[in-house]
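# Tertiary structure, described
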Amino acid sequence: MENLQRQRERREKESARERAAHARARLKGQGAESATEYGRRLFAEYGEAVQLGLDAALTTFLFRPGAAGPHYAALPVLLHFSSRGPSQVAAVGLRVVLDKLSRRQPLRTLQVAVGRAIENEVKALALHPDVLRLVKRRSGVRAATSKGTLRQLRVEHDRWPADCCAEVGGLLIDVIAAETPLLKMTGNPRPGALRARMFVEPTETALKIIQANPPRPLGVRRLPMLVPPRPWEGLTGGGHITDNTSRLVNSRQPRSFEYLERADLTPALEVVTRLQQQQMRIDPWMVEQQRIAWDANIRGLFPVLRDPITAPPRPQERVGPEAYREWQQQVLASRQDQRDGATSRARIETAIRQCEEGAGRELWFAYDLDFRGRVYTSNRYATHQGPDWEKGAIEFGRGEPCGQDGVEWLLMAAAGHWGLNRKTWAERLAWGQENAGRLVAAAEEPLDRLEAWRDAKDPWQFLQAARAFKQWRDDPAAAIRCPVRLDQTTSGLGILAALTRDRVIAESCNLIGAEPNDLYARVAEQVLEVVRADLETGSTQEQRNAAVWLEVGIDRKLMKGPVMTTTYGAMYLGLLDGLTDQLQERLGVVRTTDYESKLLRPARYLTTRVTTVLRREVATCLAVQKWLRAMGLKVVSQQQRLRWTTPMGFPIDLGVEAEATSKVTTLVNGTPRWKTPRDRPIKGELGARATCRSITANLVHTFDAAFCWAIVYRAGLQGAEVLPNHDCFAMLPSRAGWLHKTLHDELRELYKTDWLTRVRDEISCNAGIKGLPAPPLVGSLEPGEIGHNPYAFS
């Protein structure tokens with residue numbers, strides 16, 4: 001098994017290298033070299049020079065309009081970008097040149113390509129920013145300035161003549177050639193031609209940079225292991241057996257972990273080691289059902305069908321307007337499904353293949369941490385931290401008989417997966433007992449009795465619970481391996497409520513009380529009241545927008561995203577985009593011509609109403625965000641880092657270096673970055689904005705990470721296996737009662753301490769800065785009350 005595991009790991013490493021080379025070749029074939037490693041480096045290095053050269057040309061034109069020069073006739077076109085300066089134009093031109101840098105290409109062809117890119121930027125300027133952003137998100141960047149989109153939005157869509165594009169592109173190429181060592185012009189005289197045909201080639205300097213930046217290997221696709229993972233004894237060397245370079249603590253962004261080398265990581269090593277020792281299994285029966293269902297395109301079991309929706313043929317005969325609109329809707333739905341579902345289809349197929357490879361074997365998972373202490377499985381596919389179908393296929397390697405108590409937990413888990421996870425425990429148990437026949441029917445012939453389980457909220461986890469129930473019914477002494485999951489309700493806001501001692505929010509998040517509450521539903525009710533009031537007494541436009549939302553519905557699902565993201569720092573545009581997506585999902589396919597009237601206007605209206613309600617309902621949580629940013633600004637302004645330790649002793653070190661590049665905003669050509677010598681920070685200088693960008697989320701995640709460590713430790717003392725997924729935990733049905741009680745007890749124990757004050761004092765001491773602002777404590781909640789509501793985890 002160890003040899004087989006080594007072969008699998010070597011195979012995935014080789015696959016990562018091949019995928020990197022293939023990705024580089026694909027980018028070059030698509031004419032998108034600016035997205036490669038060397039393309040980004042060249043852009044960062046020479047973008048500023050191109051901007052300054054273009055700025056000089058525009059300055060000369062403004063002060064001497066009659067000045068002559070090559071392609072100077074194109075300079076007035078660039079005045080379209082006067083509000084943004086020459087940086088936008090320089091970024092577009094340089095990106096197009098870099099996209100085909102390694103190729104020898106005709107000068108005229110490159111000039112026209114640069115001019116077309118500038119034309120698209122000019123046309124995008126005529127679109128409302130919200131409309132442009134929505135079109136790009138829904139249909140892609142290319143569609144944003146296509147003829148069809150512009151015609152539907154009633155924007156000028158006639159193409160510029162090729163000579164006009166060549167003139168504009170020629171000006172930019174001349175500037176790039178003069179200001180950077182990237183291009184050289186070569187001539188190729190033809191017999192009888194009046195002038196030589198000119199070509200553009202990369203210089204030796206550009207070719208050396210290309211050669212010095214080979215394809216960077218992509219991340220190795222980790223899989224469940226056939227042997228126990230290598231134990232972690234320090235910051236490196238644990239986990240997968242053939243990779244001695246893997247790290248215990250990781251971050252998506254470049255980050256130094258020198259501070260961890262001086263820390264005592266014993267608790268972290270113990271937690272990860274215990275998790276890696278747990279034996280798991282992939283149920284071959286479940287994987288077989290998933291493969292059949294996926295290949296057969298059975299609806300309702302996966303977020304997308306395996307085969308994309310096929311657009312119907314265009315009507316060949318004259319049809320009525322309603323029939324023609326229906327055909328258009330079907331075509332738009334097909335295009336949207338093919339575009340939006342491609343990533344999901346690839347993920348589902350890969351996950352099923354990986355599950356098939358490991359089905360029926362003894363398996364182990366390797367684990368690591370992020371810089372906040374959160375626990376992750378290192379494998380991306382076939383993981384208990386994945387989507388519904390992956391969770392439904394994974395079970396514990398060693399089962400235990402349920403007993404009567406375990407069976408009840410299994411029935412309540414099935415009810416939760418059906419969609420009753422906000423009902424009382426008694427209601428869930430009653431539903432499970434009443435639907436025992438449904439569970440047995442689903443487990444006996446799942447694909448012939450889809451009506452028994454397809455409508456579940458989590459269909460594959462429901463089927464997993466149903467199969468376990470049938471196994472118990474057939475043999476009460478059978479060893480059941482099915483996980484029973486308990487998830488903290490509204491965990492992020494609940495953590496902030498406990499930290500600030502806010503009784504009102506704590507009760508809404510089920511930290512206290514005796515009945516299940518729902519903060520998202522409460523916010524939805526408040527917003528609904530405001531919208532109904534607007535329908536009665538608002539202006540004509542407010543009444544129109546209110547009617548739209550009352551028709552599509554304002555519920556907890558709609559409010560969950562805004563409540564969570566606002567607490568973590570989302571601004572107006574983030575809320576607007578989220579509500580726009582939710583509205584389009586409920587309305588179905590919306591034509592581009594109707595984006596403004598049917599999507600953006602109602603979304604803008606509701607964004608302002610939601611913001612007003614949230615400022616009142618979760619004011620304390622927003623105050624924590626404001627306090628953290630104020631404290632971070634004061635500390636970072638003194639070039640000190642924010643350092644403290646979590647309740648489990650894990651060191652936290654926040655401090656992001658000031659960005660050494662400037663972001664250049666273009667409308668349809670991305671937001672590339674280049675080095676700006678005038679604003680370049682000193683090496684090691686910290687940036688307050690970058691440090692405080694996600695500071696609230698980082699603080700919250702340190703506490704859910706500490707809580708996770710505590711539960712894994714307690715489970716280890718009991719000899720029980722547990723599957724953590726941040727704020728969700730799973731155990732065997734026979735252990736679920738113990739898990740439920742322990743979760744609530746540990747929650748109460750964790751928040752007995754005034755952690756915000758301790759964090760502030762620790763940051764102050766480590767930074768040597770006095771006078772940091774006091775935390776926004778409410779003080780209306782007694783810590784001893786926390787955890788007595790049995791629905792904090794449900």
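Residue positions are counted from 1 within each chain, in the order its sequence is given. Local features in this predicted model are restricted to residues of pLDDT 70 or higher, and side-chain atom pairs are both shown and tallied only at a pLDDT of 80 or more, whereas totals for entire chains, interfaces and linings draw on every residue. Side-chain numbers here rest on the full set of heavy atoms in the structure, without hydrogens or water.

### Some remarks on the overall build of the protein
What counts here: The helix and strand labels rest on DSSP assignments: H or I over at least four residues marks a helix, E over at least two residues marks a strand, and numbering proceeds from the N terminus. Type-normalised accessible area, obtained with a 1.4 Å probe on protein chains alone, sets the label of each residue: buried when under 20%, exposed when over 50%, and partly exposed for intermediate values. In what follows, a contact means two residues having at least one pair of non-hydrogen atoms within 4.5 Å. Residue burial considers only the protein chains on display, and all accessible areas are found by Shrake-Rupley using a 1.4 Å probe.
Within the protein, the regular secondary structure consists of 32 helices and 16 strands. The principal-axis extents of the C-alpha atoms in the protein amount to approximately 95 × 75 × 70 Å. Per-residue burial for the protein yields a buried fraction of 52% across its 794 residues. Taking all contacts inside the protein whose residues are at least 6 apart in sequence as the whole, residues at least 24 apart take part in 74%. Carbon together with sulfur atoms contributes 50% to the accessible area of the protein, which is approximately 36200 Å² in total.

### Some thoughts on the pattern of salt bridges
Put simply, the test is: Any carboxyl oxygen of Asp or Glu that lies within 4 Å of a side-chain nitrogen of Lys or Arg is treated as forming a salt bridge with it.
Within this structure, the stated rule accounts for 54 salt bridges. Close ionic contact of Glu746 with Arg714 constitutes a salt bridge, the shortest N to O distance being 2.5 Å. Of the two residues, Glu746 is situated in helix α31 (residues 736–750) and Arg714 in helix α30 (residues 695–717); the sequence distance between them amounts to 32 residues. Residue Arg748 is joined to Asp745 by a salt bridge in which the shortest nitrogen-to-oxygen separation is 2.8 Å. Of this pair, Arg748 and Asp745 both sit in helix α31, 3 residues apart, roughly one helical turn. The buried category is assigned to Arg748, whose relative accessible area is 17%. The network of salt bridges with shared partners includes Asp130, Arg133, Arg137, Arg138, Asp577, Asp581, Glu596, Arg601 and Arg604.

### Remarks on the side chain of Thr566
For the record, the criterion: For this analysis, a polar contact is any N or O atom pair within 3.5 Å, provided that within protein one partner can donate a hydrogen and the other can accept it, and provided that sequence-adjacent residues contribute only side-chain to side-chain pairs.
Of note, Thr566 is situated in helix α25 (residues 556–567). Using a relative accessible area of 11% as the deciding quantity, one classes Thr566 as buried. Here Pro562 takes part through its backbone oxygen, which lies 2.6 Å from a polar atom of the side chain of Thr566. Beyond its immediate sequence surroundings of up to four residues, Thr566 is in contact with Leu575, Leu614, Leu622 and Gln625.

### Quick word on the sheet that holds strand β5 (residues 280–282)
Threshold: The pairing criterion is simple: DSSP has to find at least two bridges between the two strands.
Reading across the sheet, the 3 strands line up as β6-β5-β9 and stay open at both edges, with antiparallel pairing between neighbours. The outermost strands of the open sheet, each flanked by one partner alone, are β6 (362–363) and β9 (394–396). Both β5 and β6 contribute to a ladder of 2 bridges, which runs antiparallel. Paired with Arg281 across the two strands is Glu362, which belongs to β6.

### Observations concerning the sheet that holds strand β4 (residues 249–250)
The strand order across the open sheet built from 3 strands is β4-β7-β8, with neighbouring strands paired in mixed fashion. Taken across any chain shown, the strands that pair with only one partner, and hence form the sheet edges, are β4 and β8 (375–377). As judged from the 2 bridges shared by β4 and strand β7 (residues 367–370), these two strands associate in the parallel manner. Looking at β7, one finds that Asn250 is bridged to Asp370.

### Details of the pairing of strand β16 (residues 728–731)
Because side chains alternate across β16, one face comprises the buried residues Cys728 and Ala730, and the other comprises Phe729 and Met731, equally buried. Pairing of strand β10 (residues 484–487) with β16 involves 4 bridges; the strand directions are antiparallel. Of the residues in β16, the one forming a bridge with Leu486 is Phe729. Direction of pairing for strand β15 (residues 723–725) relative to β16: antiparallel, over a ladder of 3 bridges. What sits directly across from Pro724, in β16, is Phe729. Between β15 and β16, which pair antiparallel and follow one another directly, the connecting turn spans 2 residues, one of which, His726, has a positive phi of 65°.

### Details of the nonpolar core
Note the following rule: Nonpolar core, defined: a set of buried Ala, Val, Leu, Ile, Met, Phe, Trp, Tyr and Cys residues in which side-chain atoms within 4.5 Å join the residues together.
Trp453, Ile554, Met559, Leu606 and Tyr751 are the most contacted members of the largest nonpolar core, which has 174 residues in total. Beyond its immediate stretch of four places on either side in the chain, Met559 contacts Tyr520, Val523, Ala524, Val527, Ile554, Leu579, Leu606 and Val610. Among the nonpolar cores identified, the runner-up in size contains 47 residues, and Leu42, Ala57, Val114 and Trp160 belong to it.

### Notes on the packing of helix α23 (residues 519–537) against α25
To keep things clear, this is the line we draw: A fitted line through C-alpha atoms serves as each axis, taken over the contacting stretch for helices, and the angle formed by two N-to-C directions is quoted from 0 to 180°. Angles are sorted into four bins: roughly parallel if under 35 degrees, roughly antiparallel if over 145, roughly perpendicular if 65 to 115, and oblique for all others. In this classification, Asp, Glu, Lys and Arg are treated as charged, Ala, Val, Leu, Ile, Met, Phe, Trp, Tyr, Cys and Pro as nonpolar, and every other residue, Gly included, as polar.
Where α23 meets α25, the closest approach of the two axes is 8 Å, and the angle between their N-to-C directions is 105°. One element, α23, and the other, α25, form an angle in the roughly perpendicular class. Counting all contacts with α23, which are made through Tyr520, Ala521, Val523, Ala524 and Val527, the residues of α25 involved are Arg556, Met559, Lys560, Val563 and Met564. Residue composition of the contact of α23 with α25, grouped by class: 8 nonpolar, no polar and 2 charged.

### Looking at helix α10 (residues 204–211)
Heads up, the rule is: In this description, one arc is meant: the one made by directions from the helix axis to the C-beta atoms.
Residues Ala206, Ile209 and Ile210 constitute the buried set of α10. Down the axis of α10, the smallest arc covering the buried residues is 100°, so these residues share one side. Summarising the geometry of α10, the exposed residues directed more than 90 degrees from the buried face are Glu204, Lys208 and Gln211.

### Some thoughts on the packing of aromatic side chains
The cut-off we apply is this: A pair of Phe, Tyr and Trp rings is counted when the ring centres sit within 6.5 Å of each other, with Trp represented by its six-membered ring. The angle between the planes then sorts it: under 30 degrees is stacked, over 60 is edge-to-face, the rest tilted.
A complete count under the given rule lists 18 aromatic pairs for this structure. Ring geometry for Trp425 against Tyr791: centres 6.0 Å apart, planes inclined by 15°, an arrangement best described as stacked. Here Trp425 is found in helix α18 (residues 425–434), whereas its partner Tyr791 is found in the segment after α32 (755–767), with 366 residues between them in sequence. On the basis of relative accessible area, Trp425 is assigned to the buried category, the value being 14%.

### Side note on the pairing of β7
Covered by surrounding structure in β7 are Tyr367 and Leu369 together with Asp368 and Asp370, the residues of both alternating faces. Linking β7 to β8, which pair antiparallel, is a turn of 4 residues; within it Gly373 sits at a positive phi near 95°.

### Focus: a nonpolar patch on the surface
Rules: Here, patches come from residues exposed beyond 30% relative accessible area and free of salt bridges, joined within 9 Å for like charges and within 5 Å for nonpolar side chains (Val, Leu, Ile, Met, Phe, Trp, Tyr).
Together, Leu62, Phe63 and Leu79 make up an exposed nonpolar region whose accessible area comes to about 350 Å². Within the secondary structure, Leu62 sits in helix α2 (residues 37–63). Judged by its relative accessible area of 54%, Leu62 is exposed.

### What about the state of the cysteines?
Keep this limit in mind: Disulfides are defined in this document as cysteine sulfur pairs within 2.5 Å.
All told, the structure shown has 0 disulfides when counted by the stated rule. With no disulfide of its own, Cys164 lies closest to Cys165 among cysteine sulfurs, the gap being 5.7 Å. The buried category is assigned to Cys165, whose relative accessible area is 0%.

### Considering the environment of Ala524
Within the secondary structure layout, Ala524 lies in helix α23. For Ala524, a relative accessible area of 4% puts it in the buried group. Considered as a pair, Ala524 and Arg556 are 32 residues apart in the sequence and their alpha carbons are 5.7 Å apart. When near neighbours in sequence (up to four residues on either side) are disregarded, Ala524 contacts Ile554, Asp555, Arg556 and Met559.

### As for the environment of His417
Looking at the secondary structure, you find His417 in helix α17 (residues 403–420). Classification of His417 by relative accessible area gives buried; the value is 10%. A sequence separation of 29 residues divides His417 from Asp388, and the C-alpha atoms of the two residues are 9.8 Å apart.

### Describing the side chain of Glu121
Following the sequence through the fold, Glu121 ends up in helix α5 (residues 107–125). Here Glu121 falls in the buried class, since its relative accessible area comes to 0%. For Glu121, the side chain forms a polar contact with the main-chain nitrogen of Leu667, separated by 3.1 Å. Looking at Glu121, its side chain comes within polar contact range of the main-chain nitrogen of Val668, at 2.8 Å.

### What to know about unusual backbone geometry
Phi is mostly negative for residues that are not glycine, and the peptide bonds are mostly trans. Positive phi is not limited to glycine here, since Asn297 has a value of about 55°. Note on placement: Asn297 falls in the loop between α13 (284–295) and α14 (321–340). Judged by relative accessible area, Asn297 falls into the partly exposed class, the value being 23%. Although it is not a glycine, Gln639 adopts a positive phi angle of roughly 55°. Structurally, Gln639 is set in the loop between α28 (619–637) and β11 (642–645).

Note that every value here comes from positions in space, so none of it alone points to a role or purpose.
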